[in-house]
Amino acid sequence: MKDNSASKTGSRRISWPRRLKNHWVSHNQNTLHLSLGAFFAGLFAVGALLRSKSGMEASLLPGRLKTMGFGGLLLVLLLVFLHMNLHGTDRFLHHFRDTGNLPTGQMRQVSFFCMILFLTAALLCMAGAAAALPALWTAFTSLFSERSDIASPEADALLFPESPADTPDLSALTEKAGSTPSWLPVLEFLMTLAALLIIAALVCLLLYNLAHRLYSFLLRRREWDDDEKVFLKPTLIPLASPKEPSASKTSKRKLSFSRPSSFRDEIRREYRRTIRTGMKKQKNHPAPWAAPAELEASAGCSDHVLHRIYEKARYAPDPCTREDLDAVRRSKASRHDPT
Amino acid sequence: MSCLGLLLAAALLWILQGILYKHFWKKGLSASVSFCQTDAVEGECAALTETVTNAKYLPLTALHVKFQMGRDLVFLNRENSSVTDYNYRSDIFSCMPWQQIRRRLEFQCKKRGFYTIRQIDLSGYDLLWSSRFYLSLPADTSMYVYPAFIDPVQLSIPLRQLTGTLAARQALLQDPFELRSIRDYTQGDSLRDINWKATARTGDLRVNVHAPAASWQVMLLLDGSSARLLDDSKLREESIRLCATLADQLLSRHIPVALCTNGRDCETRQELFLPAGANNHHLSAVLKLLARADFSDPKLRSMDALIESRFLSGAATEASDYSDTTLYVLISPCQRKLLSAAWQRLCAISPGSQWILPLHPGEPVCLHTDDDCPLQQLYPWEVPYER
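Numbering of residues starts from 1 in every chain and runs along the sequence as written. Chain letters and ligand numbers both follow the written order, the letters beginning at A and the numbers at 1. Reporting of local features is limited, given that this is a predicted model, to residues whose pLDDT is at least 70; pairs of side-chain atoms are given and counted only at 80 or more, and all residues count toward the totals for whole chains, interfaces and linings. Only hydrogens and water are removed before side-chain values are computed, so all heavy atoms of the structure are retained for them.

Side note on the overall build of chain A
Piece 1. Starting at the N terminus, helices and strands are each numbered in turn, a helix being any DSSP run of H or I of at least four residues and a strand any DSSP run of E of at least two. The helix and strand tally for chain A stands at 12 helices and 1 strand.
Piece 2. Counting from the amino terminus, helix and strand elements in chain A follow one another as α-α-α-α-α-α-α-β-α-α-α-α-α.
Piece 3. Sequence-distant contacts, at least 24 apart, represent 59% of the contacts inside chain A between residues at least 6 apart.
Piece 4. Counting only carbon and sulfur atoms, one obtains 64% of the accessible surface of chain A, whose full area is about 25300 Å². The contact criterion used throughout is that any non-hydrogen atoms of two residues lie within 4.5 Å. Here the accessible surface of atoms and residues is derived via Shrake-Rupley with a 1.4 Å probe, and residues count as covered only by protein chains that are part of the display.

Regarding the pairing of strand 18 (residues 354-359) of chain B
Residues and elements named next belong to chain B.
Piece 1. When you tally the buried positions in strand 18, you get 6 out of 6 residues, the bulk of the element.
Piece 2. The side-chain alternation of strand 18 yields two buried faces, one formed by Gln354, Ile356 and Pro358 and the other by Trp355, Leu357 and Leu359.
Piece 3. Criterion used throughout: strands pair if DSSP finds at least two bridges between them. In terms of strand pairing, strand 17 (residues 326-331) meets strand 18 through 3 bridges, oriented parallel. Counterpart to Ile331 in the pairing with strand 18 is Ile356. Only protein chains enter the calculation, and the probe is 1.4 Å; a residue is then buried if its accessible area is under 20% of its type maximum, exposed if over 50%, and partly exposed in between.

Some points on the interface of chain B and chain A
Piece 1. Listed as interface residues are 43 residues of chain B and, on the opposing side, 47 residues of chain A.
Piece 2. Two parts placed together each lose some accessible area; with a 1.4 Å probe, that loss summed over both constitutes the buried area. Of the roughly 4100 Å² buried between chain B and chain A on both sides combined, carbon and sulfur atoms contribute 74%.
Piece 3. Ranking the residues of chain B by area buried against chain A places Leu6(B), Met96(B) and Trp98(B) at the top, with a combined share of 18%.
Piece 4. Note on definitions: salt bridges are taken to be side-chain nitrogens of Lys or Arg within 4 Å of carboxyl oxygens of Asp or Glu. Applying the counting criterion to the chain B and chain A interface returns 2 salt bridges.

Concerning the packing of helix 9 (residues 263-282) of chain A against helix 10 (residues 292-299) of chain A
For any two helices packed against each other, the geometry is given by the interaxial angle and the distance between the axes.
All names here are of chain A.
Piece 1. Lines fitted to the C-alpha atoms define the axes, with helices restricted to the stretch that makes contact. Angles between their N-to-C directions range from 0 to 180 degrees. Running from N to C, helix 9 and helix 10 point in directions that differ by 40 degrees, and their axes come no closer than 8 Å. Comparing their axes, helix 10 and helix 9 come out oblique. Each of Tyr271, Ile275, Gly278, Met279 and Gln282 in helix 9 lies in contact with helix 10, whose residues at this interface are Pro292, Leu295, Glu296, Ser298 and Ala299.
Piece 2. Classification used: nonpolar for Ala, Val, Leu, Ile, Met, Phe, Trp, Tyr, Cys and Pro, charged for Asp, Glu, Lys and Arg, polar for all others including Gly. Grouping the constituent residues of the contact of helix 9 with helix 10 by class yields 6 nonpolar, 3 polar and 1 charged. Relative orientations are named as follows: roughly parallel for angles under 35 degrees, roughly antiparallel for angles over 145 degrees, roughly perpendicular for angles from 65 to 115 degrees, and oblique for any other angle.

Topic: the side chain of Glu238(B)
Piece 1. Locating Glu238(B) in the fold gives a position in helix 4 (residues 233-252).
Piece 2. Ignoring sequence-local partners within four residues, the contact set of Glu238(B) consists of Ile150(B), Trp381(B) and Val383(B).

A few points about unusual backbone geometry
Piece 1. Of note in this structure, Lys283(A) is not a glycine but carries a positive phi near 55 degrees.
Piece 2. The backbone of Trp98(B) shows a phi angle near 55 degrees, a positive value even though the residue is not glycine.
Piece 3. Residue placement: Trp98(B) occurs in the loop between strand 7 (87-95) and strand 8 (99-109).

Looking at a nonpolar patch on the surface
Piece 1. On the surface, Val186(A), Phe189(A), Leu190(A), Leu193(A) and Leu197(A) cluster together into a nonpolar patch covering about 490 Å² of accessible area.
Piece 2. Under the relative-accessibility criterion, Leu197(A) is labelled exposed at 56%. The patch calculation keeps residues exceeding 30% relative accessible area without a salt bridge and links them within 9 Å when they carry like charges or within 5 Å when they are nonpolar (Val, Leu, Ile, Met, Phe, Trp, Tyr).

Thoughts on the confidence of the model for chain A
Residue and element names in this part refer to chain A.
Piece 1. The predicted model of chain A has a mean per-residue pLDDT of 77, with 74% of residues at 70 or higher.
Piece 2. Across chain A, helix 11 (residues 304-315) holds the top mean pLDDT of 90, while helix 8 (residues 247-258) sits lowest at 45.
Piece 3. pLDDT measures how confident the predictor is about each residue, on a scale from 0 to 100. Long-range and interchain partners of residues 1-10, a stretch whose pLDDT sits below 50, account for 18 contacts in this model, where long-range means more than four residues apart.
Piece 4. The low-confidence segment residues 237-258, where pLDDT is below 50, has 6 contacts with residues more than four positions distant or belonging to other chains.

Quick notes on helix 8 (residues 337-349) of chain B
All names here are of chain B.
Piece 1. Expected helix span is given by 1.5 Å per residue-to-residue step, counting one fewer step than there are residues. Here helix 8 spans 19 Å end to end across 13 residues, near enough to the 18 Å set by a 1.5 Å rise per residue.
Piece 2. Listing the buried residues of helix 8 in full gives Leu339, Ser340, Ala342, Trp343, Gln344, Leu346 and Cys347.
Piece 3. In the core, the buried residues of helix 8 are packed alongside strand 13 (217-222), helix 6 (303-312), strand 17 and strand 18.

Re the packing of aromatic side chains
Piece 1. Each pair of aromatic rings taken from Phe, Tyr and Trp, with Trp reduced to its six-membered ring, is defined by centres within 6.5 Å and is described as stacked if the planes are under 30 degrees apart, edge-to-face if over 60, and tilted in the remaining cases. Scanning the model with the defined rule gives 16 aromatic pairs over all chains in all.
Piece 2. With a centroid separation of 5.3 Å and 75 degrees between ring planes, the pair formed by Phe92(A) and Tyr125(B) is classed as edge-to-face. With one member in each of two chains, Phe92(A) in helix 4 (residues 61-95) and Tyr125(B) in strand 9 (residues 113-125) form a pair that bridges those chains.
Piece 3. In this structure Phe92(A) comes out as buried when scored by relative accessible area, which is 5%.
Piece 4. The interplanar angle of 70 degrees and the centroid separation of 5.4 Å between the aromatic rings of Phe311(B) and Tyr328(B) together place this pair among those described as edge-to-face. Remark: Tyr328(B) occurs in strand 17 and Phe311(B) occurs in helix 6; sequence separation between them is 17 residues.
Piece 5. Put simply, the rings of Phe92(A), Phe96(A), Tyr125(B) and Trp129(B) touch in pairs and so form one group of aromatic residues.
Piece 6. The criterion for a charge sitting over a ring is simple: Lys NZ or Arg CZ within 6 Å of the ring centre, and within 35 degrees of the ring normal. A cation over a ring is seen here: Arg89(B) above Phe75(B), with NZ or CZ 4.5 Å from the ring centre.
Piece 7. Its guanidinium or amino end placed over the ring of Phe93(B), Arg103(B) lies 4.1 Å from that ring's centre, counting from NZ or CZ.

Here's what the structure looks like:
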């Protein structure tokens, strides 16, 4: 990760920001990070102390100190994560500097991709945790104070009598407003909704574009080594294991078995029904090896139309049509009602 | 409080990424190594393909792929390999999510053999390089490296003598039922051999030429043992090359070849023996057997014991199968008394058999043989010293 481009050219001078970056990446910076962290934590503490003093309530300084301390600490922590990754990569590359086919370009790409995601997640998590922890702390303290203080008889003695704050009389400023029309809140709501939707759509579009550009930038094919790289189609099932039929597919198949979904199935079902009925009448049992003609003979059924269409449904590669099914049904009807 | 929240969240993130990588780094991760070809000849270059598949959403910044194979397959890019008892190879990959990377490694086959790769070791790191994880995967790829052929011109004298002996032996006994060709009548031909139809058609007397009654074959006896103080692999490898070249030349003349050696199979540790054959795949079978032959076993049976048990002992099955119609070619750098004695007895059964004796330049031939023994067909084969 260290920038060695200057050393390759030899005579070119390395600019001081690059030298600084190289130094930061290649050396262990625990002391620097700890010092920075302590400094910003100190700023935050000073701000908190100043705010706690009543005299500084109105001043902006404590708030700014606290914000600066918090932001600085957040940045230092992100910097620590980034340094851990870069320093580790640098040490790794230094250790394997004599290795052939070292995929430095690929490693840079993967590290960049990982750290973008990780630092974004870290930023969100840390900001969220920082915001949530005081609220949680307040909730806990109030809960415990309620549990511990309410029952004690000395609590009332410790409480100072509070005088209600003097609220300014603002009645002079207010005038008696006329009654608002009933459609106005609806219109306001609709306008607000539309504005929110437009903003949300714009934000989504922007985010989508950004994500798409980032994705295509990260995953575009780069020829920095001789390795052949292929991107796979993401699946939820591991590639090595064979695909197992899902429960929904099985149920679908069962459904299709119990209820014919094509003309071919319907025709075969009709045929089976006819043969079974004929067998019952003749008191025969269908042989599993019997051909259709033999089955019909043993069932006492001599329907040429049914025979022809069943053979088509059973053996022909062409699919059956609605006309075939209708012909089978007509033939069945004529069998039952010869008139 | 907010600062404490920040620190706690940072510590939690650091631990979480470690746990995430520890549990999921090997999910969907597969690595395979396969030889690009199943066989090659000694001295040729071949290639190996390493494939790493990361079929998951977790990227892997660095992945070590390590495997070992025979030390006589030498990579052209030697930076990532260390050769000791095996050739240990270590390569580094870096995988994006749902990515497959294939790398081609070229190597030179320095020595004949049967080379396999049975295991691949993987090691990966977490995002912040704080932990390292290991995984071993099975691999199943193999390649034959056949012995190189010697220039057949150098072998022309023993080869001509061998084929001449075979032709002479075959001509003695004729098969009356198998016709090879028709030729003009010459004085002394039997009246029974006259082909009357051909005579009537041409107007001259024509006689049938019958095919030989017995199919003669050559048994190659390859001795890999050594009576020297230091094991000389150069002589042994040259013997194997001689054996391969002889088999190739004989099979190209449609002469059935059998092979018997005191080497053991490098995988099964069984003694190697190939029955006679002359089909299209027989040369491949001979070369595969020679590639698999391993002579490094200290309990290697000596060639004289092998000849005794397989061809001279009455109980041996090979003795009855090969005794009458076989010419023996012994390729052995060993000049021990016991081997000479066994060889004499074998030559008494099958006169005209040959002993090709690989020697270093200036090395004396000190075989203890009788003058009237058919062992006169001895061909010393000079093998220059290794530089």
